[in-house]
Amino acid sequence: MAEGSIATAPSPGAPSVDEEVFFGFTRPQAAAFLALVVIVVASPFVIYPFFLMKLLCFALFACAFNLLIGYVGLLSFGHAAYFGMGAYVSGYAAKEWGVTPEVAILLGGATGALLGIPFGWLAIRRTGIYFAMITLALAQMVYFFCVQAPFTGGEDGIQAIPRRSLFGVFSLDSDFAMYWVVAGVFLGGFLLIHRVVHSPFGQVLKAIRDNEPRAISLGYRTDDYKLMAFVLSAGIAGLAGAVKALAMKIATLTDVLWTMSGEVVLMSLVGGLGTIFGPVAGAAFIVTMQTYLAEFGAWVLVIQGVIFIAAVLAFRRGLVGEVGHLLKVKL
Amino acid sequence: MSLDRRSIIKGAVGAATLPALGGLPYRSARAQAANTIRIGVLNDQSGLYRDISGPGSTHAVQMAVRESGITQRGINVEVVQADHQNRPDVGSTVARQWYDQNGIDVIVDVPTSSVALAVSTITREKNKLFINSGAATSDLTGSACSPNTIHWTYDTYMLAKGTGGAMVAAGGRTWFFITADYAFGHALERDTTAFVNAAGGRVLGGVRTPFPGTTDFSSFLQQAQRSRANVIGLANAGGDTINSIKQAAEFRITRGGTKLAGLLVFVTDVHSLGLEVAQGLVVTESFYWDLNDRTRAFTQRLGATPGNLRPSMVQAGCYSGVLHYLKAVADMGVAAAKASGAEAANRMKAMPTSDDAFGEGTVRPDGRKVHPAYLFEVKTPAESRGAWDYYKLVSTIPANEAFRPITEGGCSLVRS
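Predicted model, so just to flag it, every value in this text is computed and none were measured.

Reading guide: rules and limits
- Residues numbered from 1 in each chain as written.
- Chains lettered and ligands numbered in written order.
- Predicted model: local features only at pLDDT ≥ 70, side-chain atom pairs only at ≥ 80, totals over all residues.
- Helix = DSSP H or I, 4+ residues; strand = E, 2+ residues; numbered from the N terminus.
- Pairing = 2+ DSSP bridges.
- Core = buried A, V, L, I, M, F, W, Y, C linked by C-beta atoms within 7 Å.
- Buried ≥ 20, exposed ≤ 12 C-beta atoms within 10 Å, placed from the backbone.
- Domains from an automatic or database assignment.
- Contact = placed C-beta atoms within 7 Å.
- pLDDT = per-residue confidence, 0-100.
- Expected span 1.5 Å × (residues − 1).
- Axes fitted to C-alpha atoms, helices over the stretch in contact; angles between N-to-C directions.
- Left-handed = near helix turned anticlockwise from the far one by under 90°.
- Nonpolar A, V, L, I, M, F, W, Y, C, P; charged D, E, K, R; others polar.

Details of the environment of Ser57(B)
Here is step 1: Along the chain, Ser57(B) turns up in helix H2 (residues 54-68).
Here is step 2: Taking the C-alpha atoms as reference, Ser57(B) lies 11 Å from Arg310(B); in sequence the two are 253 residues apart.

Now the structure itself:
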C-alpha cells in the first residue's frame, strides 16, 4: 500500500488517533466510516427509500465537489454542468437506447469526465474568483445548450426514465431494490475519493492547495495535477447525476441550473470543507431541510441563506469539522 | 452587538424549532381509515402561477367537498396542498411521496405542463387518479394520455383554436407572432398558425425572443407594428406575456386598432395588469365569473379566494373536477374508488358532468373534459362598471368544436 509518506507504521502499543489503521482511515475515521455503512444499510428499513436515494446522490455529488475545493483549494461554481449532463446522458441512454442501468450510470460518469477535460484545461489557468467565474460561465453555456438541445426535452426534461434490470438480471423497479444500487455507487465513490485524497497523488494536491509555488519548485507539474483532480471530480459528479436520473426517473433543467452549483457549495460548507465526511453530513442536512420544509415554499431559500451566513460566521469548520475539532480528531 | 457562536446557536435553534413544531409538511398517514378519501392539491404556491392556482385552488376544492354532500354519507375527505415550484423534479418527488407515504388518492390542479406530464406518469405507475386543471399541454390527452388522468379546464388546442380561429372570424385577418424561443412557445405558434390559416387568415411574420431572460420587448413590438398585422399573437407565458403586454401599452399599440392576442393569459393576470394596460387584449377562457347566472352563483358561494381575488378558470376547474370525482366515489363506493384510480376515472367518464362553473359536460375516453370555450376582449376602463368587470364576450366556441377531435390526438386509449 502506498499509504503515504506522512503516516508512520502502526505501532503495536496504543496507536495515536492520527495513525492510519485501515484503507487510509485513521482510527476515528474508521469508526465514523463503519457508522456510515451501518446507517446506509439500516436506514431504508426505517426511512422512505426514495428520499434516501436522493440524499445519497447529493452526498456523492458534494463529495466530488469537496475533492476540488477541500483538497486542491479550487472553488468551482459550475459543478451542476457535470452533474446535470451526467443525468441527461444516462437518462437518455436508458430511455432511448434501452441500455442496462450499469451502462447508463457509467456513460453518465464518462460524460462528466469528458466535459471536465476541456473545461478544466481552460479553468485551471486561473485561481480564486477567476477560476470560479470561468467555471460558472462554462456551466451557463451548458445550461443554454440544454434549454435548446432537442434530446434534453427542454423544460419538460427527460421523464419516465426506465430503470430496467441491473446486468439485465435484477429488476430495479422497486425503490427498495434501486436503493442498494445507489448505496453501492455512493459507497464506492466515497471510498474512491478517500483513497485518492490519501494517496501520494492526494498529498501533492494538498501541497498545491497549501503552497503552489513551493510545489512547483519541488518539480511537480501542478497544472497536470490540478487538471487530473478536476476531471476526477467532474466524473464523479457526472456519476452522481447519472444515478440520480435513474433513481428519480427524471432529468431536468434544475440539475444543470447554476443554483444547483450553489447548493453543492452550501452542502460542502455546512458539512465541513476538506473533511471526508463533511459533504455527506452537509448534503443530508440540506436535502432533509428542503424536503421537510418544502411547505414554506420560497422561504426555504431564505432559511438556506441564513444557514449559509451562520456557517460562515460561526461554524467555519462546518458540522463535521466542528465535531472533529471538539473531539480533537480529524474526520 | 457582537455575533458570537453561542448567540447564533441560540437564535438558530429557536428559529428552527418553531416552524418544525408548527407542523411538518409530510405527516405520515395515520391509521389508514378505509373510508377516507385523500385529495392532494399540488400547484404553484409561491411563483408566477400562484394567483391562477395556488391556495385559491385548495379553497375551491374544499367547497366542492362541502357541496358534494359526501360527508353526510359517512365518507371522510381530507384535503392537503403542496408547492411544486413549477419544477418537474420537485413535483414528481411530492407526488411519489404523497402516493407512497401519505395515502393520497387523487392529485388535483398541477399547473405547468412539464410538472403535469411527470405527475401523470407517476399516477399511472401507482394506479391513482390525476385531475389536471392548471396545465396547458394537449399531450395529456394525446401522445401522453393515461387511463388515470383527466384533463379538465383547458388545453393548448383550445387556446389556439379560440384565439387563432375565432379571432380571424371576428376580423383579425393578418397576424404577427412574438414567440418565446423554446419548445412551448414554438408549439403555441405552430398550433395557432394552423387555425389562423384554416380560418382564412394570414401570418405575416414572427420573431423569436430569447428564453429565459428577455425583459425588453420593445424592439420586437416595433417589428410587429411595422408588419402592419391586425393581430399580434403572444406565444409566450407568465412574466414574458406580462412584460410584452405592458410594453405594448406603452407604445399604445392597441389604441391604434391592432389587437393583442394573449395565448396564455388569465383573468387574474388582467387584474394585476389593470384595465388601463390590458384593454383591448383578446383571450380565450373556459370560465369567467360574470359569464352567466350559474357562474355568478358559483362565485358568490365561493367568496373571495385567498388574496381577495375572483376565481380563475383553473380554480373553477379544480372545483368542478373534484365535485365530479366525489359523485363518482359516492356512486361506486369508497373502497373501489381507492383501489383503482383507473376505475374511478372510468366511472367519471361514464357519468355526465354538471356544475355551476362549466354547466353540462362530459369526459371523453381519452380523458378530455369537454365544455364550451369563450373568446373575450378586455374592456376599456370606461366600459368597466365595477370591480372585476373585465371581459366582454366576443364569441362562443361550442363544446364539440372547442377541443381537439378525439381521433386526432394519437391517444392510445382510443381505438381508431
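Some words on the sheet that holds strand E13 (residues 369-370) of chain B
Residue and element names in this part refer to chain B.
Here is step 1: Taken together, the 3 strands give an open sheet; going across it, the order is E11-E12-E13, and neighbouring strands pair in antiparallel fashion. Of all strands in the sheet, those with a lone pairing partner are strand E11 (353-355) and E13, marking the two edges.
Here is step 2: Where E11 lies against strand E12 (residues 359-363), 3 bridges are found, and the strand directions are antiparallel. The residue bridging Thr 353 from the neighbouring strand is Gly 361, located in E12.

With respect to the nonpolar core
Here is step 1: Counting 232 residues, the largest nonpolar core has Ala59(A), Leu60(A), Phe61(A), Val182(A) and Val322(B) as the members making the most contacts within it.
Here is step 2: Take this core: its biggest share by element is 19 residues, from helix H2 (residues 49-71) of chain A.
Here is step 3: Looking at which domains feed residues into this core, each of domain 1 (36-154 + 293-371) and domain 2 (157-285 + 373-402) of chain B supplies at least three.
Here is step 4: Contacts of Val182(A), omitting those with residues within four sequence positions, involve Met53(A), Leu56(A), Cys57(A), Val243(A) and Ala247(A).

Some details on the confidence of the model for chain A
Here is step 1: Averaged over every residue, the pLDDT of chain A is 88; the share at 70 or more is 94%.
Here is step 2: Here residues 1-15 of chain A is a poorly scored stretch, pLDDT under 50, and it has 18 contacts once near neighbours within four places are set aside; other chains count.

A word on helix H6 (residues 175-197) of chain A
Residues and elements named next belong to chain A.
Here is step 1: The end-to-end C-alpha distance of H6 is 32 Å, a good match for the 33 Å that 23 residues give at a rise of 1.5 Å each.
Here is step 2: Among all positions of H6, only Met 178, Tyr 179, Val 181, Val 182, Ala 183, Val 185, Phe 186, Gly 189, Phe 190, Ile 193, His 194 and Val 197 are buried.
Here is step 3: In this fold, the buried residues of H6 make contact with helix H1 (27-42), H2, helix H4 (101-123), strand E3 (165-166), helix H7 (200-210) and helix H9 (222-248).

A word on the confidence of the model for chain B
Residue and element names in this part refer to chain B.
Here is step 1: Of all residues in chain B, 92% have pLDDT values of 70 or greater, and the mean over the chain is 88.
Here is step 2: Across chain B, element-level confidence peaks in strand E4 (residues 129-132) with a mean pLDDT of 97 and bottoms out in helix H1 (residues 5-22) with 49.
Here is step 3: Scoring the predicted complex yields pTM 0.85 and, for the interface, ipTM 0.83.

Examining the environment of Ala136(B)
Here is step 1: As for its placement among the helices and strands, Ala136(B) is situated in the loop between E4 and strand E5 (149-151).
Here is step 2: Not counting the four nearest positions on each side in its chain, Ala136(B) is found in contact with Ser113(B), Tyr154(B), Asp155(B), Thr156(B), Leu159(B) and Leu264(B).

Overview of the packing of H4(A) against helix H5 (residues 128-148) of chain A
All names here are of chain A.
Here is step 1: One can describe the packing of H4 onto H5 by two numbers: an axis separation of 9 Å at closest approach and a directional angle of 150°. Crossing hand, H4 versus H5: right-handed. Taken together, the residues of H5 that come into contact with H4 (itself represented by Phe 119, Leu 122 and Ala 123) are Phe 131, Ile 134, Thr 135 and Leu 138.
Here is step 2: Split into classes, the residues belonging to the contact of H4 with H5 amount to 6 nonpolar, 1 polar and no charged.

What to know about the sheet that holds strand E8 (residues 231-235) of chain B
All names here are of chain B.
Here is step 1: The sheet built from 7 strands is open, its strands ordered E7-E6-E8-E9-E10-E14-E15 with mixed pairing. Looking along the sheet, the strands with just one partner apiece sit at the ends: strand E7 (202-209) and strand E15 (391-397). Across the sheet, the mean angle separating the axes of adjacent strands is 25° when strand polarity is ignored.
Here is step 2: Here helix H8 (residues 238-250) sits on the sheet in contact with strand E6 (174-180), E8, strand E9 (259-262) and strand E10 (281-285), set at roughly 170° to E9.

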